[in-house]
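Examining the three-dimensional arrangement
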Amino acid sequence: MCRNIKNLFNFDPPVTDEEIRDASLQFVRKISGFTKPSKANEAPFLSAVDEISLISGRLLAALETNAPPKDREEEAAKKKARSAERFAV
C-alpha cells in the first residue's frame, strides 16, 4: 500500500474533504502508475480521483464504531516514535 494513504476513519476532528481527495489521488497514482498523467490521460485520471473521493466519503460517513475517536496529534506522535525506532542508526 502507498505510504501516503492514511487511515481516515474515526478521528477527532473528523476527516476533511481535502484529506479524502488527497488519499484518492494517491490511490489513483498508485494503481495507474502515473504521478502526473499525460494530457491524453488527464481527464480519465481526474475523473477517477473524483469518483473515488465521493465513494470514500460515503464509506466514511456510513461506517460506525463504538471506539472513541482517535486524537490526530496523539496518533502522529505514535507514528513519529515508531518511525524513529525503525530508522534509528
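This text follows the structure it describes.
An account of the accompanying structure is given in this report.

Basis of the calculations
- Counting starts from 1 at the beginning of each chain's written sequence and moves along it residue by residue.
- pLDDT decides what is reported in this predicted model: residues at 70 or higher carry local features, side-chain atom pairs at 80 or more are listed and counted, and totals for whole chains, interfaces and linings draw on all residues regardless.
- Side-chain numbers here rest on the full set of heavy atoms in the structure, without hydrogens or water.
- Counting from the N terminus, the helices are DSSP H or I runs at least four residues long and the strands are E runs at least two residues long.
- Helices are assigned an expected span. That span is 1.5 Å times one less than the residue count.
- Residue exposure (1.4 Å probe, protein chains only): buried if accessible area is under 20% of the type maximum, exposed if over 50%, otherwise partly exposed.
- The contact criterion used is simple: two residues touch if any of their non-hydrogen atoms lie within 4.5 Å.
- Axis definition: a line fitted to C-alpha atoms, over the contacting stretch in the case of helices. Angles run 0 to 180 degrees between N-to-C directions.
- Angular relationships are summarised with four words: roughly parallel below 35 degrees, roughly antiparallel beyond 145, roughly perpendicular across 65 to 115, and oblique for the angles in between.
- Two helices that cross are described as forming a left-handed crossing if the nearer one is turned anticlockwise from the farther one by less than a right angle, and a right-handed crossing if clockwise.
- Note that Gly is not counted as nonpolar here; it falls among the polar residues with everything else outside the nonpolar set of Ala, Val, Leu, Ile, Met, Phe, Trp, Tyr, Cys and Pro and the charged set of Asp, Glu, Lys and Arg.

1. Description of helix H1 (residues 17-32)
Over its 16 residues, H1 runs 22 Å from end to end, which matches the ideal 22 Å to within 8%, given 1.5 Å per residue. Among all positions in H1, only Ile20, Ala23, Ser24, Gln26 and Val28 are buried. Those residues of H1 hidden inside the fold are in contact with helix H2 (39-62). Note on H1: the residue one or two positions beyond its end, Gly33, has a positive phi of about 85 degrees.

2. Let's talk about H2
Its 24 residues place the ends of H2 35 Å apart at the C-alpha level, agreeing with the 34 Å of an ideal helix rising 1.5 Å per residue. Listed in full, the buried residues belonging to H2 are Phe45, Val49, Ser53 and Leu60. On its buried side, H2 packs onto H1.

3. What to know about unusual backbone geometry
Following Asp12, the chain continues into Pro13 via a peptide bond in cis, with omega recorded as 5 degrees. Secondary-structure assignment places Pro13 in the loop between strand S1 (11-12) and H1.

4. Considering the packing of H1 against H2
Their axes nearest at 8 Å, the elements H1 and H2 cross at an angle of 130 degrees. Judged on the interaxial angle alone, H2 and H1 are oblique. Handedness of the H1/H2 crossing: right-handed. Between H1, through Ile20, Arg21, Ser24, Leu25, Phe27, Val28, Arg29 and Ser32, and H2, the contact on the second element is made entirely by Phe45, Leu46, Ala48, Val49, Asp50, Ile52, Ser53, Ser56, Gly57 and Leu60. A breakdown of the residues in the contact of H1 with H2 according to their chemical character gives 10 nonpolar, 5 polar and 3 charged.

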